[in-house]
Each structure stands twice: as structure tokens, then as C-alpha cells.
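So you can see what is in the structure, the chains are spelled out below.
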Amino acid sequence: MIFCVRNPYSWALSLFKRPYHQRGPKSKRMLDFVTQPWMTVARDNMPAVLHSPLELWNVKTAAYEKFAREAKVPTRLIRFEHFVANPEGEVKEALTEFGISFDAIKQVETSTKYPDITLTELSSYYEREELKNHLTQEVVTAINALLDWNLVAKYG
């Protein structure tokens, strides 16, 4: 089982831009978004309402960790930013670690979420940490107050 964990600041910004499954009115400001309650969907398998979207990151990341600890199958956690930088290498490394043979891995050059951006451009965005250009100090402070720092230390 492979889990992909994203930097929580990047994750929050992405969810703000594309708030999949968000119920209720959409926030116009990132600060409002990260500090408002988040209503989950049934497949999240957690309480119906969380304190904030960042609690969703905390709970999901903790669940990945718990699954990896208790699983009877091989698990691997990869960082989203590493995957974007080198998707072919990350997949090959995971398959090798799992003992799965492969002949060739074909890298996809475009994303379904970002069809107008090449993989090189997307990788460069994360490598240069351009997401910082979209986060004010006020938003970072709010996010910091909502994160589980034990999880961030391990996976963020």
C-alpha cells in the first residue's frame, strides 16, 4: 500500500483552490477557509464535522501512520513533493521495495488536475516552493495552530 502525504501548507492551499466535497458556502479568503469547520463526506469515515480542514490533514495522516504500523501488507509513504519532482523514480523505488518486478515505467507528462501545466512546470513550482507566495503570515500562523506537530515532524 502506498500513501502519498503532502506538505500541510501546500495541501491546505490546494484544497482552498479546489475544495472537493466542501459543503456550504465557499470561502473567498484563505484565512477564513483554514479556520472554519469542515464537513466530511461518508467515505472519510470520521466525524461529520471537523474543527477545520487542517484537522482532516491531521486525521488522514495519522490514519496512514496507523495503517502502516498495523498492516499485514507492505506499506510505503511518499511525499507528494518528492513524487512530483521524480514520479518515475518514486514508483520504481516503491515497486523495488515491495519486490514487484517491472519492465518499464512510462511517465505521464500532464496531470488531470492541471492539464495546462507540464510535469516540468509543476515540479519546478514545488521545487521553488512558490506556494509561499500565496500564504500570508496570518494564514501560516492559523495553519500552525491547527496542525499536529508530531505528524508534521514525521511527514510534513
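Let me begin by describing the structure that accompanies this report. (Residues numbered from 1 in each chain as written. Predicted model: local features only at pLDDT ≥ 70, side-chain atom pairs only at ≥ 80, totals over all residues. Heavy atoms only, no water.)

A word on unusual backbone geometry
What counts here: Secondary structure elements are defined from DSSP: runs of H or I of at least 4 residues count as helices, runs of E of at least 2 residues count as strands, and each element is numbered from the N terminus.
At Asn45, a residue that is not glycine, the phi angle is positive and equals roughly 55°. With respect to the element layout, Asn45 can be found in the loop between strand 2 (38–39) and strand 3 (49–50).

Considering a nonpolar patch on the surface
Counted only if it meets this: Patch membership is restricted to residues that have no salt bridge and whose relative accessible area is over 30%. Joining uses 9 Å for like charges and 5 Å for the nonpolar side chains Val, Leu, Ile, Met, Phe, Trp and Tyr. With residues, only the protein chains shown are counted as cover, and all accessible areas are computed by Shrake-Rupley using a 1.4 Å probe. By salt bridge we mean one thing: a side-chain nitrogen of Lys or Arg within 4 Å of a carboxyl oxygen of Asp or Glu.
The grouping of Met1, Phe67 and Val73 at the surface amounts to a nonpolar patch, some 260 Å² of accessible area in total. The topology assignment puts Phe67 in helix 3 (residues 53–70).

Here we look at helix 1 (residues 8–17)
Note the threshold: Residue exposure (1.4 Å probe, protein chains only): buried if accessible area is under 20% of the type maximum, exposed if over 50%, otherwise partly exposed. For the purposes of these results, a polar contact is taken to be a pair of N or O atoms within 3.5 Å, where, inside protein, one atom must be able to donate a hydrogen and its partner to accept one; residues adjacent in sequence count only when each atom of the pair is a side-chain atom.
Counting buried positions along helix 1 gives eight out of ten residues, so the element sits mostly inside the fold. Residues Pro8, Tyr9, Ser10, Trp11, Ala12, Leu13, Ser14 and Leu15 constitute the buried set of helix 1. For helix 1, the N-terminal cap is Asn7; the gap from its side-chain oxygen to the backbone nitrogen of Tyr9 is 2.7 Å.

Observations concerning the nonpolar core
Let me state the cut-off plainly: Think of a nonpolar core as a cluster: buried Ala, Val, Leu, Ile, Met, Phe, Trp, Tyr and Cys residues, connected wherever their side-chain atoms sit within 4.5 Å.
Among the nonpolar cores identified, the biggest contains 32 residues, and Met30, Val34 and Ile143 are the most heavily contacted of them. Broken down by element, this core gets its largest block of residues, five residues, from helix 1.

A look at the pairing of strand 1 (residues 2–5)
Put simply, the rule is: Pairing between strands is defined by DSSP: at least two bridges between the two strands are required.
By the alternation rule, side chains of strand 1 split into Phe3 and Val5, which are all buried, and Ile2 and Cys4, of which none is buried. One ladder, built from four bridges, connects strand 1 with strand 4 (residues 76–79); its direction is parallel. Looking at strand 4, one finds that Ile2 is bridged to Arg76.

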